[in-house]
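Survey of secondary and tertiary structure
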Amino acid sequence: MLPLLDHIIDTSPMVQQPPSYFPGDDLLTSLERRRGIPIGNLTSQFLANLYLDDLDHYVKQKQFKVRAYLRYVDDMVALDDDKGRVAEVREAVGERLAAARLLLHPRKAHVSPTADGLKLLGYLVFPNHRCLRNDNGHRFSRRLRGFARAYSAGLIDLEDIKPSLQSWIGHAMHADTLRLCARIISRIVFRRGTGREAAGVCCAAAPGTTNRRTSARPTATGTTPTTGTTTSVSVSPSPPARP
């Protein structure tokens, strides 16, 4: 196991400017130190959990005993009613990470009220509800239009589109996005052909989307080039399971 980890670590990229110095470093240490683990090795999540396990115990049990604490790989959240205490935790965590040759993100390690919302794992999380981040919806909408153009040109089939569509809906449905899903999906028409008309915009609302309590069944329709019959892609997003 250890030789395998040594091999993976040795394939990590060399450090880029600007260099970072930690306690015990000399002038050349930062130039010789590699930084990060390549995501393609599929070890980043496991090694992050393993490497930061001591930090979790430090925050939860040893030092601060923070009751509301969350860490997902390298994203950490600590909640408290005392703003000063949260700032103290942030300072101590930064020092603890420096001892392990790690740094807090210079722009994302901030203290803010929960009422302002917290950007976490693709969502904007509030005390009583969750929203999908704006860039997430815009990005998937552009991707879906790209799928429609590729389908129109005969480069992909409907079966190639379904996994991405189902995956995004599965992510989006954990937030208040029922109408957003219907709006994005119902605007795109998958039709074999050429030009703008082939990947046109459909303004019809998907059935079952006017009521927030109704499970949506968005459907994108198009025409096959040989028979002229209607082809449909039906996706039924299921509400997330209650804890």
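Model, not experiment: these values are computed from the prediction.

Let us now look at the overall build of the chain. Within the chain, the secondary structure is distributed over 9 helices and 7 strands. Relative to its 243 residues, the chain shows a buried fraction of 31%. A total accessible area of about 16,400 Å² is found for the chain, and carbon and sulfur atoms account for 54% of it.

A separate point is the side chain of Ser 164. Inspection of the secondary structure assignment puts Ser 164 in helix H7 (residues 158–172). Other than its neighbours up to four places away in sequence, Ser 164 contacts Phe 140, Arg 143 and Phe 147.

Take the packing of aromatic side chains next. Under the counting rule described, the total for this entry stands at 3 aromatic pairs. On the numbers, 6.0 Å between centres and 90° between planes, the contact of Tyr 58 with Phe 64 is edge-to-face. According to the relative accessible area criterion, Tyr 58 is buried, its value standing at 12%. When the ring of Tyr 151 is compared with that of Phe 190, the centres are 6.0 Å apart and the planes differ by 80°; the resulting orientation is edge-to-face. On the criterion of sequence distance, the pair formed by Tyr 151 in helix H6 (residues 134–152) and Phe 190 in the loop between helix H8 (178–186) and helix H9 (195–198) is long-range, its members being 39 residues apart. Taking NZ or CZ as reference, Arg 192 lies 3.9 Å from the ring centre of Tyr 151, over its face.

When pLDDT is averaged across the chain, the result is 74; 75% of the residues are at 70 or more. Within the model, pLDDT remains below 50 along residues 197–243, and this stretch shows 95 contacts once partners closer than five positions in the same chain are excluded.

Once that is clear, we can look at the environment of Gly 24. Here Gly 24 lies in the loop between helix H1 (2–10) and helix H2 (29–32). Note: C-alpha distance between Gly 24 and Ala 99 (75 residues apart in sequence) is 9.3 Å.

Turning next to the nonpolar core. One finds Leu 144, Ile 161, Trp 168 and Phe 190 to be the most contacted residues of the largest nonpolar core, which totals 23 residues. Among the secondary structure elements, those contributing two or more residues to this core are H6, H7 and H8. The contacts of Leu 144, once residues within four sequence positions are left out, are Leu 165, Ile 184, Ile 185, Ile 188 and Phe 190. Counting 11 residues, the second-largest nonpolar core is a separate cluster that includes Phe 64, Val 66, Val 93 and Leu 97.

Now for the packing of H6 against H7. Where H6 meets H7, the axes come as close as 11 Å, and the angle between the chain directions of the two elements is 170°. Classified by the angle between their axes, H6 and H7 sit roughly antiparallel to one another. Residue-level contacts link Asn 136, Gly 137, Phe 140, Arg 143, Leu 144, Phe 147 and Tyr 151 of H6 to Leu 158, Ile 161, Ser 164, Leu 165, Trp 168 and His 171 of H7. When its residues are assigned to classes, the contact of H6 with H7 shows 8 nonpolar, 4 polar and 1 charged.

Rules behind the numbers
- Residues numbered from 1 in each chain as written.
- Predicted model: local features only at pLDDT ≥ 70, side-chain atom pairs only at ≥ 80, totals over all residues.
- Heavy atoms only, no water.
- Helix = DSSP H or I, 4+ residues; strand = E, 2+ residues; numbered from the N terminus.
- Buried < 20%, exposed > 50% of the residue type's maximum accessible area, 1.4 Å probe, protein only.
- Areas by Shrake-Rupley, 256 points an atom, 1.4 Å probe, with all protein chains shown as cover.
- Contact = heavy atoms within 4.5 Å.
- Phe/Tyr/Trp six-rings, centres within 6.5 Å; stacked < 30°, edge-to-face > 60°.
- Lys NZ or Arg CZ within 6 Å of the ring centre and 35° of its normal.
- pLDDT = per-residue confidence, 0-100.
- Core = buried A, V, L, I, M, F, W, Y, C linked by side-chain atoms within 4.5 Å.
- Axes fitted to C-alpha atoms, helices over the stretch in contact; angles between N-to-C directions.
- Parallel < 35°, antiparallel > 145°, perpendicular 65-115°, else oblique.
- Nonpolar A, V, L, I, M, F, W, Y, C, P; charged D, E, K, R; others polar.

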